[in-house]
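A look at the structure
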Amino acid sequence: MTSPIDYHMHSNNSWDTRVPMEEMCKAAIDKGISEIAFTEHFDHFTENKTKTAYVPDTYFEDIDTNRQYFTEQGLNILAGVEVGEYHLYRETVQPIIDGYEYDVVLGSLHWVNGAESVFQPHYYDGKTIREAVIPYFTEIVEMIEGGGFDILSHMDVFKRRAHLVYGKFDIEEFETEVRDVWQACIDNNIGIEINTGGMRWRVNEPHPNLTALKWYREMGGEILTIGSDAHNPADLGYGLDYTMEMAREAGFKALARFKKRQVAEFIPLT
Ligand SMILES: [Zn+2]
Ligand SMILES: [Zn+2]
């Protein structure tokens, strides 16, 4: 079954992507996906200031141009953003989030303490897996409790790298921590995504995997979206059929459709 949505992708409005929005839109149409969200990186580089900053005006011009062209071809384009470390940069971030018409705002933790990227191998130097991972979970709960976003992105994104460093990763060792993350999401009315980025790494599972997704559902979690985290047209829609199967298996009946930062409706997973 083709996925109705892909709510996590990047274009050249993100510092780590060169592909124009138009090419991503064409790929979505080719793959039969009818609603996508461009969730560009809104990051704050404390060390490397040469990386391009997020420019909302350029982004929204791009969104408008592509909507004008692709809406009549049956593609619905949502204005999204992936805010990194919201809790640390609230003063800068909040006015932008409030000042533009976003449909869906993702919250992500890529850097621990705003300084150490969990994608860098040296983050793990001299640490056991627990020593590396527990600070991530502690900070992500803090970020969720601060709020400001609609969907928590890739809850265990560090496993892409941790799996390579430690030669394994098993979420069951972190059940308590993951349940704390899910509880914070539920208490703060923040949904979660199944992000298939991890399926393209050696760990070969999405964020979260089925086990962790079941915990969220069991605990009463309801707001769920799916996204490929594509940074190029080939990855767009990647693994989303698998995530729908996974969602059904975890007990979900529907995915959430967003508009103007609200759940506009639930799309049945039939
Ligand atoms: Zn991310
Ligand atoms: Zn992303």
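Here we summarise the structure given alongside this text. (Residues numbered from 1 in each chain as written. Chains lettered and ligands numbered in written order. Predicted model: local features only at pLDDT ≥ 70, side-chain atom pairs only at ≥ 80, totals over all residues. Heavy atoms only, no water.)

1. Section: the packing of helix α1 (residues 21–30) against helix α2 (residues 56–70)
Helix packing geometry: the angle between the two helix axes and the distance between the axes. Let me state the cut-off plainly: Angular values range over 0 to 180 degrees, each being the angle between N-to-C directions of two axes fitted as lines to C-alpha atoms, with helices fitted over their stretch in contact. Where helices and strands are cited, they refer to DSSP runs of H or I of at least four residues and of E of at least two residues respectively, numbered from the N terminus. Each angle gets one of four labels, with under 35 degrees taken as roughly parallel, over 145 as roughly antiparallel, 65 to 115 as roughly perpendicular, and the rest as oblique. Note on convention: near helix rotated counterclockwise from far helix by under a right angle means a left-handed crossing. Clockwise means right-handed. A contact between two residues is defined here by any heavy atoms of the two lying within 4.5 Å. Each residue receives one of three labels: charged for Asp, Glu, Lys and Arg, nonpolar for Ala, Val, Leu, Ile, Met, Phe, Trp, Tyr, Cys and Pro, and polar for the others, Gly being one of them.
Remark: α1 packs on α2, axes separated minimally by 10 Å, with the N-to-C direction vectors making an angle of 40°. Classified by the interaxial angle, the pair formed by α1 and α2 is oblique. Every pair of crossing elements has a handedness; the one defined by α1 and α2 is right-handed. Contacts between α1 and α2 pair Met21, Glu22, Cys25, Lys26 and Ile29 from the former with Tyr59, Asp62, Ile63, Asn66 and Phe70 from the latter. Looking at the contact of α1 with α2 residue by residue, the class counts come to 6 nonpolar, 1 polar and 3 charged.

2. Side note on the coordination of the zinc ion (ligand 2)
Rules: Coordination shells were defined by N, O and S atoms within 2.8 Å of each metal, extended to 3.2 Å for Na, K and Ca; water is absent from the atom set, which can make sites look incomplete. In this scheme the shape depends on donor count and angles: four donors with every angle between 85 and 135 degrees give tetrahedral, four or six donors with opposite pairs above 155 degrees and others between 65 and 115 give square planar or octahedral in turn, and any other case is irregular.
Binding of the zinc ion (ligand 2) to the protein goes through His8 (NE2), His10 (NE2), Glu82 (OE) and Asp229 (OD), at separations of 2.1 to 2.4 Å. Each of the 4 donor atoms around the zinc ion (ligand 2) contributes to a set of angles spanning 80 to 171°, which defines the coordination as irregular. Sequence spacing of the donors to the zinc ion (ligand 2): H-x1-H-x71-E-x146-D. Taken as a pair, the zinc ion (ligand 2) and the zinc ion (ligand 1) lie 3.5 Å from each other and share glutamate 82 as a ligand.

3. A closer look at the packing of aromatic side chains
Note the following rule: Aromatic rings from Phe, Tyr and Trp, taking only the six-membered ring of Trp, are treated as a pair when their centres fall within 6.5 Å; an angle between ring planes under 30 degrees marks them as stacked, one over 60 as edge-to-face, and anything in between as tilted. For a lysine, the NZ atom is tested; for an arginine, the CZ atom; a charge sits over a ring if that atom is within 6 Å of the ring centre and within 35 degrees of the ring normal.
Applying the stated rule across the entire model yields 18 aromatic pairs. Ring geometry for phenylalanine 60 against tyrosine 100: centres 5.2 Å apart, planes inclined by 15°, an arrangement best described as stacked. Of this pair, phenylalanine 60 sits in helix α2 while tyrosine 100 sits in the loop between α3 (90–99) and β4 (104–108), and the two are 40 residues apart along the sequence. Each residue in the set Phe42, Tyr54, Tyr59, Phe60, Tyr100 and Tyr102 is aromatic and connected to the rest through ring pairs, giving one cluster. Lying over the aromatic face of tyrosine 123, lysine 127 brings its terminal NZ or CZ to 3.9 Å of the ring centre. Over the face of the ring belonging to phenylalanine 252 we find arginine 217, whose NZ or CZ atom lies 4.9 Å from the ring centre.

4. Side note on unusual backbone geometry
Condition: Categorising residues by exposure relies on relative accessible area from a 1.4 Å probe, with only protein chains included: less than 20% of the type maximum marks a residue as buried, more than 50% marks it as exposed, and the intermediate range marks it as partly exposed.
In this model, histidine 207 is joined to proline 208 through a cis peptide bond whose omega is -5°. Here proline 208 lies in the loop between β8 (191–195) and α7 (210–218). Although it is not a glycine, glutamate 85 adopts a positive phi angle of roughly 50°. Tracing the backbone through its elements, the reader meets glutamate 85 in the loop between β3 (76–84) and α3. Even without a glycine there, the phi angle at asparagine 204 is positive, about 50°. Since its relative accessible area comes to 52%, asparagine 204 is described here as exposed.

5. A short note on a nonpolar patch on the surface
Heads up, the rule is: Patch building starts from residues that exceed 30% relative accessible area and form no salt bridge, then joins like charges within 9 Å and nonpolar side chains (Val, Leu, Ile, Met, Phe, Trp, Tyr) within 5 Å. For accessible areas, the Shrake-Rupley method is used with a probe of radius 1.4 Å. Any residue's cover is judged against the shown protein chains and nothing else. Salt bridges, as used here, are contacts in which a Lys or Arg side-chain nitrogen is within 4 Å of a carboxyl oxygen on Asp or Glu.
Where nonpolar side chains cluster on the molecular surface, the patch consists of Leu164, Val165 and Trp201 and spans about 220 Å² of accessible area. Tracing the sequence through the fold places leucine 164 in helix α5 (residues 159–166). With a relative accessible area of 33%, leucine 164 lands in the partly exposed category.

6. Quick notes on the pairing of β4
As a reminder, the rule being used: In short, DSSP must find at least two bridges between two strands for them to pair. Viewed with both strands pointing away, a crossover whose connecting path from the first strand over the helix to the second turns clockwise is right-handed.
Counting buried positions over the 5 residues of β4 gives 5, a clear majority of the element. Where burial is concerned, the two faces of β4 agree: the one with Val104, Leu106 and Ser108 and the one with Val105 and Gly107 are both buried. Pairing analysis gives 5 bridges linking β3 to β4, with the strands arranged parallel. In the sheet register, glycine 80 faces β4, and the bridge partner there is valine 104. Running through α3, the crossover from β3 to the neighbouring parallel element β4 is right-handed. Bridging between β4 and strand β7 (residues 151–152) involves 2 bridges; their strand directions are parallel. Counted as the bridge partner of glycine 107 is leucine 152 from β7.

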